[in-house]
Amino acid sequence: EIRDIQELEFESEALITSRKCLILLCYTGQRGDALTNRLTYDSFTTRGNTLVIEMKQKKGNKSVVIPVLPPVREIYDTGLPYKISTQKLNKNLKKLGQLAEINTLTMGKLLEKNSDDEYRKVKKERPKWEYLSTHIGRRSFATNHYGKIPTPIIMNVTGHTKEETFLKYINKSSDTHVDLFLDYYARMAE
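Residues numbered from 1 in each chain as written. Predicted model: local features only at pLDDT ≥ 70, side-chain atom pairs only at ≥ 80, totals over all residues. Heavy atoms only, no water.

1. Here we look at the packing of aromatic side chains
Taken as a whole, this structure holds three aromatic pairs when the rule is applied. Residues Tyr 41 and Phe 44 carry aromatic rings whose centres are separated by 6.4 Å and whose planes lie at 40 degrees to one another, so their mutual orientation is tilted. Put simply, the rings of Tyr 41, Phe 44 and Tyr 76 touch in pairs and so form one group of aromatic residues. (Phe/Tyr/Trp six-rings, centres within 6.5 Å; stacked < 30°, edge-to-face > 60°.)

What follows is the structure, encoded as structure tokens:
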């Protein structure tokens, strides 16, 4: 789905910026406000021959060092996104998802106005693009790397301090390590 959004062609600066933000979120594992308000060229530094991002997370006040993966490097080289409010970015991410036709029906909760002009969270199936927000990048980063990279390394990037919390975050149980261990062992035997 991220590739579908990456491949969209349009001229809107707002959507181009929002796409850059989404890519940064998906490939850094950071919260939306960290990237929309605090990521600058000064956040990038070189360690040896490796470009990394160093930043202090607002929540938990934890310093993290994030490897710069190729899609992030491309944005670094072509220009970081301009500053945008989280609310505006969330609106634009939904538009990107709609344009990329991310229509898989997905169960979730969204605020809906009822007959009394009150807003309540309503759980029902909707097209997946309706749920797109800055938080999907952070969760996608953690989920996409889980089982491929050791969990403590992912946690160092996302800033999670407890593995139990991290596993709940990505909807994994604490016994998923058994399958990962057996997969690793099978690869070692090859």
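2. Quick word on helix H7 (residues 151-158)
Working note: α-helix, 3.6 residues per turn, so residues spaced by three or four point in the same direction. Residues Thr 151, Ile 154, Met 155, Val 157 and Thr 158 constitute the buried set of H7. End-on, the buried residues of H7 take up no more than an arc of 160 degrees, which puts them together on one face. (Buried < 20%, exposed > 50% of the residue type's maximum accessible area, 1.4 Å probe, protein only. Helix = DSSP H or I, 4+ residues; strand = E, 2+ residues; numbered from the N terminus. Arc of directions from axis to C-beta.)

3. Overview of the side chain of Ser 43
One can find Ser 43 in the loop between helix H3 (32-38) and strand E1 (44-47). Not counting residues within four places of it along the chain, the set of residues in contact with Ser 43 comprises Arg 38, Val 52, Ile 53 and Glu 54. (Contact = heavy atoms within 4.5 Å.)

4. With respect to the side chain of His 145
Among the structural elements, His 145 can be located in helix H6 (residues 135-145). With residues near it in sequence (within four places) discarded, His 145 still touches Leu 69 and Ile 154.

5. With respect to the packing of helix H2 (residues 13-28) against helix H4 (residues 70-78)
As a packed pair, H2 and H4 sit with axes 9 Å apart at the nearest point and diverge in direction by 140 degrees. Regarding the angle of H2 to H4, the classification is oblique. Between H2 and H4 lies a crossing whose hand is left-handed. Here Lys 20, Ile 23, Leu 24, Tyr 27 and Thr 28 of H2 lie close against H4, whose contacting residues are Pro 71, Val 72, Ile 75 and Thr 78. Considered class by class, the residues forming the contact of H2 with H4 number six nonpolar, two polar and one charged. (Axes fitted to C-alpha atoms, helices over the stretch in contact; angles between N-to-C directions. Parallel < 35°, antiparallel > 145°, perpendicular 65-115°, else oblique. Left-handed = near helix turned anticlockwise from the far one by under 90°. Nonpolar A, V, L, I, M, F, W, Y, C, P; charged D, E, K, R; others polar.)

6. Let's talk about the pattern of salt bridges
Using the criterion set out here, one finds eight salt bridges in the structure. Arg 126 is paired through a salt bridge with Glu 112; the nearest N and O atoms lie 2.8 Å apart. Of this pair, Arg 126 sits in strand E5 (residues 119-127) while Glu 112 sits in strand E4 (residues 105-113), and the two are 14 residues apart along the sequence. Since its relative accessible area comes to 4%, Arg 126 is described here as buried. In this structure, the salt-bridge partner of Asp 117 is Lys 113, at a minimum N-O distance of 3.9 Å. Each of Glu 112, Lys 124, Arg 126 and Glu 130 takes part in a single network of salt bridges with overlapping partners. (Salt bridge = Lys/Arg side-chain N within 4 Å of Asp/Glu carboxyl O.)

7. A short note on the environment of Ser 63
Among the secondary structure elements, Ser 63 is positioned in strand E3 (residues 63-67). Expressed as a C-alpha distance, the spacing of Ser 63 and Asp 4, which sit 59 residues apart in the sequence, is 32 Å.

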